[in-house]
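# Results of the structural survey
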Amino acid sequence: MADAIVTTKQEQPIEKISSYMYQEQVIKRFADMLGEKQAQRFVASVLTAVMADQKLQACTAQSIYLSAVRSATLGLSVDPAYGQAYLVAYGNVCTFMPGYK
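### With respect to the side chain of serine 67
Mapped onto the elements of the fold, serine 67 is located in helix H5 (residues 61–74). For serine 67, the contacting residues outside a window of four places in its chain are Leu87, Cys94, Thr95 and Phe96.

### Side note on H5
Between its first and last C-alpha atoms H5 spans 20 Å; for 14 residues at 1.5 Å apiece the expected length is 20 Å, and the two agree. Looking at the packing, one finds that the buried side of H5 touches helix H1 (13–21), helix H2 (24–34), helix H3 (36–51), helix H4 (54–57), strand S1 (85–90) and strand S2 (93–98). The positive-phi residue at the C-terminal boundary of H5 is glycine 75, with phi of around 75°.

### Observations regarding the nonpolar core
Ranked by size, the top nonpolar core spans 27 residues in total, and within it Met21, Phe30, Val46, Ile64 and Leu87 carry the most contacts. Among the elements of the structure, H1, H2, H3, H5, S1 and S2 are those that each provide at least two residues to this core. Ranked by the residues each element gives to this core, the list is headed by H3, at 7 residues. If we ignore the near neighbours within four places in the chain, the residues touching phenylalanine 30 are Met21, Gly35, Ala39, Phe42, Val43, Tyr65, Ala68, Val69 and Ala72.

### With respect to the pattern of salt bridges
Should the charged atoms of two oppositely charged side chains come close, the side chains can pair. All chains considered together, the criterion is met by 1 salt bridge. The salt bridge involving aspartate 32 is made with lysine 28; its shortest N-O contact spans 3.4 Å. Taken as a pair, aspartate 32 and lysine 28 lie in helix H2 at a separation of 4 residues, close to a single helical turn. On the basis of relative accessible area, aspartate 32 is assigned to the exposed category, the value being 57%.

### Focus on the pairing of S2
Relative to S2, S1 is paired through 6 bridges, and the arrangement is antiparallel. In the sheet register, leucine 87 faces S2, and the bridge partner there is phenylalanine 96.

Conventions we followed
- Residues numbered from 1 in each chain as written.
- Predicted model: local features only at pLDDT ≥ 70, side-chain atom pairs only at ≥ 80, totals over all residues.
- Heavy atoms only, no water.
- Helix = DSSP H or I, 4+ residues; strand = E, 2+ residues; numbered from the N terminus.
- Contact = heavy atoms within 4.5 Å.
- Expected span 1.5 Å × (residues − 1).
- Core = buried A, V, L, I, M, F, W, Y, C linked by side-chain atoms within 4.5 Å.
- Buried < 20%, exposed > 50% of the residue type's maximum accessible area, 1.4 Å probe, protein only.
- Salt bridge = Lys/Arg side-chain N within 4 Å of Asp/Glu carboxyl O.
- Pairing = 2+ DSSP bridges.

Listed below in C-alpha cells is the structure:
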C-alpha cells in the first residue's frame, strides 16, 4: 500500500492581501468613507499598486489596509498612474505617502 502524498498549495502574498482587503468589514469601512461603488474601485486600485511592487507584497495586510484607509480618508487614489498618493514599503510595513499631483 503506497502512502498518499498530500500537497497543499501555499497561498501567495498577493492572495493573502487580496483576501484580507475583500473581507466584508474592510469593504464596509471603505464603503462608509467612499460610497459602495467607489469602495470596490478603491480596493481594486490598492491591489493593483500592491501587485506592481514586490516590496509591497512582503508587507503585512494590516499595514496595507491602514495606509489605504489614510488615503481614502483624504480622498486620494493610490493608483500609481494618478500620483496622488503612494503605498511605500519599509521592511514588511506599508506606509502612506501623499503624492505630488
